[in-house]
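Analysis of the macromolecular model
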Amino acid sequence: NTTASNNTAVGALALEANTTGAANTAVGATALDAATTANYNVGIGYAALTATTTGADNTAVGSGAMEANTTGDDNTAVGRAALQANTTASDNTAVGSQAGDAITTGASNTLLGRNAGGALTTGNNHVHIGDTAGDAMTTTSNSVAIGYGALTASTVSDALTAVGHQAMTANTTG
């Protein structure tokens, strides 16, 4: 810490690399430990936001939440491994254990429920609500899946809407 201000760090290696980043809160071993100039982040839990270097305005709560994030901004991840693979993506919200855990660069997704959007990597603008909702989609965009298991087989179709318990579970390509 050289000229940083208004930071809070609790836990082994929390905010270890911080030089000029301001207004960060890191609670847990290795939380925000790579952050150098990152600002306005909250990482709570083991390895929460551990790879973040310059990303800003992120909130990660849970062990491994947003663990791979480096420069992504304005993300919210709540739950074990939520948005875990996110590296540079921005504007995502994932709530639930492993929600959106494969997203690397996909942006503007809202994922609520255990493993909701679990296979998304680069897909954008999804709304998946429910346990495993949309969990097979990878690079698609603009889909809505609401309900337990909705859109669980679709991998390549864009702009789909499925509402209800296991709605469109057999849909794969269109």
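Located above this text is the structure these notes cover.
Residues numbered from 1 in each chain as written. Predicted model: local features only at pLDDT ≥ 70, side-chain atom pairs only at ≥ 80, totals over all residues. Heavy atoms only, no water.

So, the overall build of the chain
As a reminder, the rule being used: Numbered from the N terminus, helices here are DSSP runs of H or I no shorter than four residues, and strands are runs of E no shorter than two. Using C-alpha atoms as the atom set, the radius of gyration is obtained and then compared with a globule rule of 2.2 Å times the number of residues to the power 0.38. Partly exposed describes any residue whose relative accessible area lies between the buried limit of under 20% and the exposed limit of over 50%, with all areas from a 1.4 Å probe on protein chains only and scaled to the type maximum.
Across its full length, the chain holds zero helices and ten strands. Secondary structure elements of the chain occur, N-terminal to C-terminal, as β-β-β-β-β-β-β-β-β-β. Relative to its length of 174 residues, the chain is compact, with a C-alpha radius of gyration of 16 Å against a globular reference of 16 Å. Viewed in the frame of its principal axes, the chain has a C-alpha envelope of about 55 × 20 × 15 Å. When the 174 residues of the chain are sorted by exposure, 47% land in the buried category.

Focus: the sheet that holds strand β8 (residues 127–129)
Note the cut-off: Strands qualify as paired when DSSP identifies two bridges or more between them. Every angle, taken between N-to-C directions, lies between 0 and 180 degrees, and every axis is a line fitted to C-alpha atoms, over only the stretch in contact when it is a helix.
Spatial ordering of the open sheet is given by β1-β2-β3-β4-β5-β6-β7-β8-β9-β10, a layout of ten strands whose pairing is parallel. Looking at strand neighbours, the two that pair on one side only are β1 (8–10) and β10 (161–163), the edges of this open sheet. Averaged over all neighbouring strand pairs, the angle between strand axes comes to 5°, with direction disregarded. Bridge count for strand β4 (residues 59–61) against strand β5 (residues 76–78) is three bridges, and the pairing is parallel. Across the sheet, residue Ala60 finds its bridge partner in β5, namely Ala77.

With respect to the side chain of Thr132
Condition: Residues count as neighbours in contact if any of their non-hydrogen atoms are within 4.5 Å of one another.
Relative to the assigned elements, Thr132 resides in the loop between β8 and β9 (144–146). When sequence neighbours within four positions are dropped, the list of residues in contact with Thr132 reads Arg114, Asn115, Ala116, Tyr148, Gly149, Ala150 and Thr152.

Thoughts on the side chain of Thr30
For Thr30, the location among the structural elements is in the loop between β2 (25–27) and β3 (42–44). Look at Thr30 and you get buried, because its relative accessible area is 15%. Residues within four places of Thr30 in sequence aside, it is in contact with Ala12, Leu13, Ala14, Tyr46, Ala47, Ala48 and Thr50.

Thoughts on unusual backbone geometry
Backbone phi values are negative for most residues with the exception of glycine, while trans is the configuration of most peptide bonds. In this model, Ala47 sits at a positive phi of 65°, which is unusual for a non-glycine residue. Locating Ala47 in the fold gives a position in the loop between β3 and β4. The phi dihedral of Asp57 falls on the positive side, at around 60°, and the residue is not glycine. By the element assignment, Asp57 lies in the loop between β3 and β4. Judged by its relative accessible area of 38%, Asp57 falls in the partly exposed class.

Here we look at the environment of Asn24
With respect to the helices and strands, Asn24 occurs in the loop between β1 and β2. Relative accessible area serves as the criterion here: at 0%, Asn24 is assigned to the buried category. Considered as a pair, Asn24 and Val144 are 120 residues apart in the sequence and their alpha carbons are 33 Å apart. Those residues in contact with Asn24, other than ones at most four positions away along the chain, are Asn6, Asn7, Thr8, Leu15, Asn18, Leu32, Ala38, Asn39, Tyr40 and Asn41.

What about the pattern of salt bridges?
The condition is simple: What counts as a salt bridge is simple: a side-chain nitrogen of Lys or Arg found within 4 Å of a carboxyl oxygen of Asp or Glu.
For the coordinates displayed, the defined rule picks out one salt bridge. Among the salt bridges present, the one from Asp131 reaches Arg114, with a minimum N-O distance of 2.9 Å. Pair noted here: Asp131 is in the loop between β8 and β9 and Arg114 is in the loop between β7 (110–112) and β8, with a separation of 17 residues, a long-range link. Look at Asp131 and you get partly exposed, because its relative accessible area is 24%. Judged by relative accessible area, Arg114 falls into the partly exposed class, the value being 41%.

Don't take any of this as a statement about function, it's just geometry.
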